[in-house]
Amino acid sequence: MRHVQGRARRARVALAAVLAWAGLLTVIVGCTPGGSVGGALGPPASEEFIHVAPDDGSKGVRPDAGLRVRVPDGRLESVKVVVEQDARRSAVPGRVSADGLTWRPDDERLVLAAKYTVDAVAVDGDGRRSARHTTFTTHVPAERFIGYVAPEDRSTVGTGMIVSLEFNRKIVHRAAVERAVRVTSRPAVEVRPHWFGDTRLDFRPEHYWKPGTRVTVELRLRDVEGAPGVYGLQHRTFTFTVGRSQISVVDASRHTMQVRRDGELLTTVPVTAGAPKTTTYNGKMVITEMLEVTRMDSRTVGFGGEYDIPDVPHAIRLTSSGTFLHGNYWTETDVFGRRNVSHGCIGLRDVQGGGADTPAGWFFDRSLVGDVVEVVNSKDKEVAPDNGLGGWNMSWEEWTAGSAVK
């Protein structure tokens, strides 16, 4: 009898051991190395069931390589992608296709100099669950480009202001760069771009801005390829406000300047323009810089050593080639309103050091960057559209033809 009880006891111990081993096997199957998770209907699918491109551990991935997560059957249950760039982590938005087989990001281009982390969970056609964790890093460009923007952020400007970007490197892929720059206004008006050469991109509406307009300039140049191997660096937004309208017309033959504010004539100022051998450009010019005092050296503008004035007062720049509207204290006062004697600039009567109650001081105090000064009846050619902000001298058809996006 004792022999029978001993055998029964040994059988129960053996059965318990078998059940314990079965439980242990279940635990082993339920959590496999590499993050694959077992399903209820059997062993897990291989983690290779989930395909991620670029490959795990890839380095120097190009921005146009594309990011995809896919399975051959079953469905993707979840995909989480995180990008780390400049010590900042952010989620990469994307979506799973209607058939559940593919995930792709909303933005097809990868960012540069970044690390991507992909975590995906999927169920195959037999109901087996699997997970995949991969990482890759993107290309770190050796060369970058930036655009210098005019006008300054948060400035108040005149109604003739043209948004101008000057790039520090030559742009070969103009259309790509142009698409990455957006200029909008409130109230809304159509704003179009025009390229001047391969380093400058300007934007303007068909007509001068309306006073009170708020303009927003969005630069989405980060990681945009401007030339082979040269990528943009900026991701910034600038704003400026358009102030009152002030348009001044210089009549070189009459030696006068009429200043109109919001369409009303404020005053007529006597001036001296370019002498017969050094005439002033005709055409619309935009104020781009205002200096209380500056030095003017004829050697910097191709006139040899004809003059070097260290303290020119109330200097207002009209062109990049050196045309200014400025105060003049060194010429006889009977010249203003009577004769043209300058080297191409427009001179207004002033005193040394600059006087607030002189014609030059009066005009300086009432001017803004972005105001328009138009010269008429000068015996010279029209100012070039890219000489300063001379784009208003182009018709709308000519201007819009300068876009790289067709």
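Above this text you will find the structure in question.
Here's what I pulled together on the structure shown here. (Residues numbered from 1 in each chain as written. Predicted model: local features only at pLDDT ≥ 70, side-chain atom pairs only at ≥ 80, totals over all residues. Heavy atoms only, no water.)

**Topic: the sheet that holds strand β18 (residues 230–232)**
Argument step 1. Spatially, β9-β18-β17 is the arrangement adopted by the three strands of the open sheet, whose pairing is mixed. Looking along the sheet, the strands with just one partner apiece sit at the ends: β9 (143–145) and β17 (225–227). Recorded for the sheet is a direction-independent mean angle of 45 degrees between the axes of neighbouring strands.
Argument step 2. Across two bridges, the pairing between β17 and β18 is antiparallel. Pairing of A227 across the sheet is with V230, part of β18. (Pairing = 2+ DSSP bridges. Helix = DSSP H or I, 4+ residues; strand = E, 2+ residues; numbered from the N terminus. Axes fitted to C-alpha atoms, helices over the stretch in contact; angles between N-to-C directions.)

**Comments concerning the sheet that holds strand β16 (residues 214–220)**
Argument step 1. If you walk across this open sheet you meet the four strands as β11-β19-β16-β13, and the pairing is mixed. What marks the edges here is a single partner per strand, and that holds for β11 (155–157) and β13 (181–186). The average angle at which neighbouring strand axes cross in this sheet is 25 degrees, direction not considered.
Argument step 2. Strand direction decides the pairing type here: β11 and strand β19 (residues 235–242), joined by three bridges, are parallel. Of the residues in β19, the one forming a bridge with S155 is F240.

**Some points on the packing of aromatic side chains**
Argument step 1. In total, this model carries seven aromatic pairs according to the counting rule given.
Argument step 2. Here Y116 and F136 contribute two aromatic rings whose centre-to-centre distance is 4.9 Å and whose plane-to-plane angle is 5 degrees, an arrangement assigned as stacked. Highlighted residues: Y116 in strand β7 (residues 114–123) and F136 in strand β8 (residues 129–137), separated in sequence by 20 residues. The burial state of Y116 is the same as that of F136; both residues are buried.
Argument step 3. Each ring, one from Y208 and one from W392, has its centre 4.7 Å from the other, and the planes form 75 degrees; the classification is edge-to-face. Here the residue Y208 occupies a position in the loop between β15 (200–205) and β16, and W392 occupies one in the loop between β28 (372–376) and α4 (396–400), the gap between them amounting to 184 residues.
Argument step 4. Members of the aromatic cluster, joined through ring pairs, are F145, F167 and W195. (Phe/Tyr/Trp six-rings, centres within 6.5 Å; stacked < 30°, edge-to-face > 60°. Buried < 20%, exposed > 50% of the residue type's maximum accessible area, 1.4 Å probe, protein only.)

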